[in-house]
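If you want the building blocks of each chain, they are given just below.
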Amino acid sequence: MTTIPSRLARAATRSPDLITARRRAIQLYREWYRSAPEIITIYGITEITPSELRHKFRQSFESQVRGIEDVKVADVWLHKMRVDYQETMNCWKQTPHVMGILLAEKPQHQQTFLQKFYTGRDEDQVLPAATGM
């Protein structure tokens, strides 16, 4: 497939209110949703099916959009997701990027030293310099 940089380009727009931003987010979600089979074909991903990829898209959108109450934050998020969509569809990413970014699990909450101490774990312990290790 030929890469045409302006194929999916959109001018950055500002939403006048949250209702418009929500409408734009739903439209962007639908574009991601409809492109799932094409993404799998373009990048030769055999580990997942289009329905699994769509489920990951849904999880990603829901987790990121739920708490947004500011129109400016929503506009920045929409712009970043639009750019990410353009990069994905124009093959400007490698397969590991798609697998890592789109399908990455959320990292677990970072524990403090005391939380590790109470559970009896401390993987980050420092060995004394005299041990030679």
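In what follows, the structure referred to is the one given above.
Thresholds, definitions, all that
Residues numbered from 1 in each chain as written. Predicted model: local features only at pLDDT ≥ 70, side-chain atom pairs only at ≥ 80, totals over all residues. Heavy atoms only, no water. Salt bridge = Lys/Arg side-chain N within 4 Å of Asp/Glu carboxyl O. Helix = DSSP H or I, 4+ residues; strand = E, 2+ residues; numbered from the N terminus. Buried < 20%, exposed > 50% of the residue type's maximum accessible area, 1.4 Å probe, protein only. Core = buried A, V, L, I, M, F, W, Y, C linked by side-chain atoms within 4.5 Å. Axes fitted to C-alpha atoms, helices over the stretch in contact; angles between N-to-C directions. Parallel < 35°, antiparallel > 145°, perpendicular 65-115°, else oblique. Left-handed = near helix turned anticlockwise from the far one by under 90°. Contact = heavy atoms within 4.5 Å. Nonpolar A, V, L, I, M, F, W, Y, C, P; charged D, E, K, R; others polar. Arc of directions from axis to C-beta.

**Q** Mind showing me how you'd approach the pattern of salt bridges here?
**A** Any two side chains of opposite charge can pair, on the condition that their charged atoms come close. Within the structure shown, the criterion is met by 5 salt bridges. The partner of E62 in a salt bridge is R58, and the shortest N-O contact between them spans 2.7 Å. A residue pair is termed a helical-turn pair when its members lie 3 or 4 positions apart in one helix, as E62 and R58 do in helix 3 (residues 50–65) at 4 residues. The exposure class of E62 is partly exposed, given its relative accessible area of 31%. Taken together, the shared-partner salt bridges in this structure form one network comprising R58, E62 and R66.

**Q** Would you mind showing me how to read the nonpolar core here?
**A** Membership of the largest hydrophobic core comes to 23 residues, with the highest contact counts inside it found for W32, I39, L53, F57, F61 and W77. Breaking this core down by element, the ones donating at least two residues are helix 1 (18–34), helix 2 (36–43), helix 3 and helix 4 (71–89).

**Q** Where do I start with the environment of I26 in this structure?
**A** Here I26 is to be found in helix 1. For I26, a relative accessible area of 29% corresponds to the partly exposed category. Once the C-alpha coordinates of I26 and F61 are considered, the two residues, 35 residues apart in sequence, prove to be 9.2 Å apart.

**Q** What is the right way to look at the packing of helix 1 against helix 3 in this model?
**A** Helices that pack against each other are described as a pair by the angle of their axes relative to one another and the distance between those axes. Axis separation between helix 1 and helix 3 bottoms out at 10 Å; the angle between their running directions is 160°. Relative to helix 3, helix 1 is oriented roughly antiparallel. Seen from above, helix 1 lies across helix 3 with right-handed handedness. On helix 3, the residues touching A25, L28, Y29, W32 and Y33 of helix 1 are R54, F57, R58 and F61. Grouping the constituent residues of the contact of helix 1 with helix 3 by class yields 7 nonpolar, no polar and 2 charged.

**Q** So what exactly am I meant to see when it comes to helix 2 here?
**A** Here helix 2 has its buried residues at A36, I39, I40 and Y43. Along the axis of helix 2, the buried positions cluster into a sector of 95°, meaning they face one direction only. Once helix 2 finishes, G44 follows within two positions and takes phi at roughly 60°, a positive value.

Any functional reading would require information that these geometric values do not contain.
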